[in-house]
Amino acid sequence: MEHDPRAEQLAAAYWRNTRAAAWNRLKPEVRADLTAQADAWLRAAADAGVAVPAAAPSEDHTAVWLDETGGVWNDVPTSGGGDLVLPLVHAREEAASRRDLEDRGHRLTLIGWTL
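Reading guide: rules and limits
Residues numbered from 1 in each chain as written. Predicted model: local features only at pLDDT ≥ 70, side-chain atom pairs only at ≥ 80, totals over all residues. Heavy atoms only, no water. Buried < 20%, exposed > 50% of the residue type's maximum accessible area, 1.4 Å probe, protein only. Helix = DSSP H or I, 4+ residues; strand = E, 2+ residues; numbered from the N terminus. Pairing = 2+ DSSP bridges. Expected span 1.5 Å × (residues − 1). Arc of directions from axis to C-beta. Contact = heavy atoms within 4.5 Å. 1 Å grid on protein atoms, 1.4 Å probe; cavity = no way out; pocket = protein on both sides within 12 Å on 5 of 7 lines; lining within 4 Å. Points joined across faces, edges and corners; volume = space filled by probe spheres on them. Nonpolar A, V, L, I, M, F, W, Y, C, P; charged D, E, K, R; others polar.

## Quick notes on the pairing of strand S3 (residues 84–87)
- Covered by surrounding structure in S3 are Val85 and Pro87 only, the residues Leu84 and Leu86 on the alternate face being uncovered.
- Across 3 bridges, the pairing between strand S2 (residues 72–75) and S3 is antiparallel. The partner of Asn74 across the bridge, within S3, is Leu86.
- Strand direction decides the pairing type here: S3 and strand S4 (residues 96–97), joined by 2 bridges, are antiparallel. Pairing of Leu84 across the sheet is with Ser97, part of S4.

Written out as structure tokens, the structure is:
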């Protein structure tokens, strides 16, 4: 069974919303246990249809991302497997590296898949 990369984000967010101790100060085994629980919850949420699966349903699908300001981005299919994303806007479109955006402080959240 493949680990959902969003599980640690979910576990850390849950911890921050329910406890006073900082997530990064928890023992690694406690973080691992909470992340495993969050992974199970994410799989259940995807099975119930209230969260998107971590992996694309098929090779024809591309990811849709939401940034922290409400901006929507779509992966650009490339033959080399690059990480380019396009903003989904009604104005001009410019491809940008998802990694570069994240390095500049943008936090992108997977919200779905497109064909």
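That was the structure; now back to the text.
## Quick look at helix H2 (residues 28–48)
- Taking 1.5 Å per residue as the helical rise, H2 with its 21 residues ought to reach 30 Å, and the 30 Å between its terminal C-alpha atoms agrees with that figure.
- Taken residue by residue, H2 has Leu34, Thr35, Ala38, Asp39, Leu42 and Ala45 as its buried positions. On an axial view of H2, the arc spanned by its buried residues comes to 155°, and they lie on one face. Set apart from the buried face of H2 by more than 90 degrees, the exposed residues are Asp47 and Ala48.

## So, helix H1 (residues 7–18)
- With 12 residues, H1 ought to run about 16 Å at 1.5 Å a step, and its terminal C-alpha atoms sit 16 Å apart, in line with that.
- Every buried residue of H1 is listed here: Ala7, Ala11, Ala12 and Trp15. Projected down its long axis, H1 shows its buried positions confined to an angular sector of 130°, all on one face. Residues Arg16 and Asn17 are exposed on H1 and point more than 90 degrees away from its buried face.
- In this structure, the buried side of H1 is in contact with H2.

## A word on the layout of surface pockets
- Of the voids in this model, the largest pocket is the one considered here, and its volume is about 420 Å³.
- Of the residues forming the lining of the largest pocket, the biggest block, 4 residues, is contributed by H1.
- Partitioning the lining of the largest pocket into residue classes produces 10 nonpolar, 2 polar and 3 charged.

## Concerning the pairing of strand S1 (residues 62–66)
- Judged by how many residues are buried, S1 sits mostly within the fold: 4 of 5 residues are covered.
- Here S1 pairs with strand S5 (residues 109–114) via 5 bridges, running antiparallel. Residue pairing across strands places Ala63 opposite Trp113, the latter belonging to S5.
- Pairing between S1 and S2: 3 bridges, direction antiparallel. Bridged to Val64 within S2 is Asn74.

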